[in-house]
Amino acid sequence: KRPEGAPSPGLAKDVGKVGVVGAGLMAGQIALMFARRLEVPVVMTDLDAERAERGLAYVRSEIDKLASKGRVSKLKAAKLRALVSASADKSVYADCDLVIEAVFEELKVKQAVFAEVESIISPECLLVTNTSGLSITAMGSQLKHPERLVGMHFFNPVAVMPLVEVIATEKTDDETLATAYAVAKKLKKTAVGSADRPAFIVNRLLGRMLAEVTGVVDAGTPIETADVALDELGLPMRPFALLELVGLQVSWHLCQHLNEDLGPRFPASENLRRLAEADFPVFDASAKGRGKLTDEAKAL
Ligand code: 3HC
């Protein structure tokens with residue numbers, strides 16, 4: 001079995017252009033981080049031009065925020081604007097050295113994405129998944145070259161959270177893995193190696209905690225009591241704010257995958273399902289102090 005560590009850094013390949021599949025929130029944050037830290041062109045794609053443009057507009061607004069806070073100079077902001085682009089045409093990946101996917105968390109969707117991308121990219125290009133915990137081995141099972149597939153799992157908000165999990169499958173080759181670690185270092189992230197197991201390391205722990213919070217609500221505790229109790233424990237964020245940050249639907253998917261893969265100690269909470277299906281905001285982060293649950297959530 002492969003040890004969960006980095007091979008020799010000397011094996012790492014240069015990365016001169018990055019492709020991001022998807023132009024949603026996570027994809028946009030990843031695109032901006034790569035452009036900012038690697039200083040290379042980054043191109044995002046999505047299903048149509050409108051979504052791609054929306055993703056690019058989000059990245060540009062984040063660049064403006066960085067500049068207005070003085071986190072990047074005006075010159076750097078202009079460079080970042082020039083480095084990040086978006087398209088509906090995946091042929092833009094033809095000259096990429098690394099393509100990372102951040103699309104919907106469903107195995108079949110990711111398999112289809114990689115099959116399409118593999119038919120476009122060069123033989124040297126790395127394929128990276130930002131999956132929260134799906135099997136990367138299964139994701140690569142239909143690839144011609146599964147040895148160039150590796151997981152890099154970033155955390156929300158990507159610009160701020162220092163951690164990335166680096167996941168090798170049994171087939172990932174040493175050049176690919178060494179490149180993933182070298183890239184993580186350039187991104188100024190702390191890379192932690194994980195085997196390709198359901199939910200890797202962090203989402204097992206976090207998923208269990210968040211499932212228990214909603215489970216306590218399932219068992220009859222008022223939602224606000226559960227939220228306040230964990231807040232007073234000193235977590236960086238109130239639990240329902242974290243669920244909303246991760247995305248309620250993403251959280252519900254994660255919870256279901258954990259339940260399917262690891263059994264009843266990861267219960268699929270009924271209240272989390274209801275929250276994911278509801279179309280109202282659950283947490284008001286702008287409220288005084290550390291934010292508060294919305295009235296709709298309290299009435300759940
Ligand atoms: N996007 C970009 N930047 C953000 C942000 C966001 N959504 N939220 C906060 N930030 C930035 C702020 O702009 C600020 O930057 P600045 O120093 O340049 O002004 C910095 O983060 C700190 O923010 P604040 O001072 O406003 O607030 P806090 O000190 O409370 O920190 C936090 C915010 C870092 C988000 C903190 O609350 C935290 O660590 N929360 C826990 C987050 C967490 O656990 N994430 C993991 C989720 S699980 C996951 O993503 C895995 C997936 O597979 C599901």
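Note that the structure is a prediction, hence the values are computed from the model and not measured.

**Things to note about the sheet that holds strand β6 (residues 149–154)**
Phase 1 of the analysis: The strand order across the open sheet formed by eight strands is β3-β2-β1-β4-β5-β6-β7-β8, and the pairing between neighbours is mixed. Looking at the sheet topology across the chains shown, the edges are occupied by β3 (84–87) and β8 (190–194). Across the sheet, the mean angle from the axis of one strand to that of its neighbour is 25°, orientation sign disregarded.
Phase 2 of the analysis: Bridge analysis of strand β5 (residues 126–129) against β6 gives three bridges, and the strand direction is parallel. Across the sheet, residue T129 finds its bridge partner in β6, namely G151.
Phase 3 of the analysis: Contacts between helix α2 (residues 49–68) and the sheet are confined to β2 (42–45) and β3, with β3 contributing the most and set at about 165° to the helix.

**Details of the site of the ligand**
Phase 1 of the analysis: Neighbouring the ligand are 16 residues, the closest being S132, N156, P157, P236 and M237.
Phase 2 of the analysis: Considering only residue class, the shell around the ligand consists of 11 nonpolar, three polar and two charged.
Phase 3 of the analysis: For the shell around the ligand, the two domains that each supply at least three residues are domain 1 (9–194) and domain 2 (202–292).

**Looking at the packing of helix α10 (residues 248–262) against helix α11 (residues 270–277)**
Phase 1 of the analysis: One can describe the packing of α10 onto α11 by two numbers: an axis separation of 8 Å at closest approach and a directional angle of 145°. In the crossing of α10 with α11, the sense of the turn from one axis to the other is left-handed. In contact with L248, Q249, S251, W252 and C255 of α10, α11 contributes L272, R273, L275 and A276.
Phase 2 of the analysis: For the contact of α10 with α11, the residue count by class is six nonpolar, two polar and one charged.

**Here we look at the packing of helix α9 (residues 239–246) against α10**
Phase 1 of the analysis: At their nearest, the axes of α9 and α10 sit 5 Å apart, and the two run at 95° to each other. In terms of orientation, α9 and α10 fall into the roughly perpendicular class. The residues of α10 that touch α9, namely those facing L243, E244 and V246, are L248, V250 and S251.

**Things to note about the domain arrangement of the chain**
Phase 1 of the analysis: Each assigned domain of the chain is listed with its residue range as follows: domain 1 (9–194) and domain 2 (202–292).
Phase 2 of the analysis: The straight-line distance from the C-alpha centre of domain 1 to that of domain 2 is 27 Å.
Phase 3 of the analysis: Listed by partner, the interface residues are six residues for domain 1 and eight residues for domain 2.
Phase 4 of the analysis: Its residues assigned to classes, the side of domain 1 that touches domain 2 shows one nonpolar, three polar and two charged.

What counts as what
Residues numbered from 1 in each chain as written. Predicted model: local features only at pLDDT ≥ 70, side-chain atom pairs only at ≥ 80, totals over all residues. Pairing = 2+ DSSP bridges. Helix = DSSP H or I, 4+ residues; strand = E, 2+ residues; numbered from the N terminus. Axes fitted to C-alpha atoms, helices over the stretch in contact; angles between N-to-C directions. Contact = placed C-beta atoms within 7 Å. Near = placed C-beta within 6 Å. Nonpolar A, V, L, I, M, F, W, Y, C, P; charged D, E, K, R; others polar. Domains from an automatic or database assignment. Left-handed = near helix turned anticlockwise from the far one by under 90°. Parallel < 35°, antiparallel > 145°, perpendicular 65-115°, else oblique.

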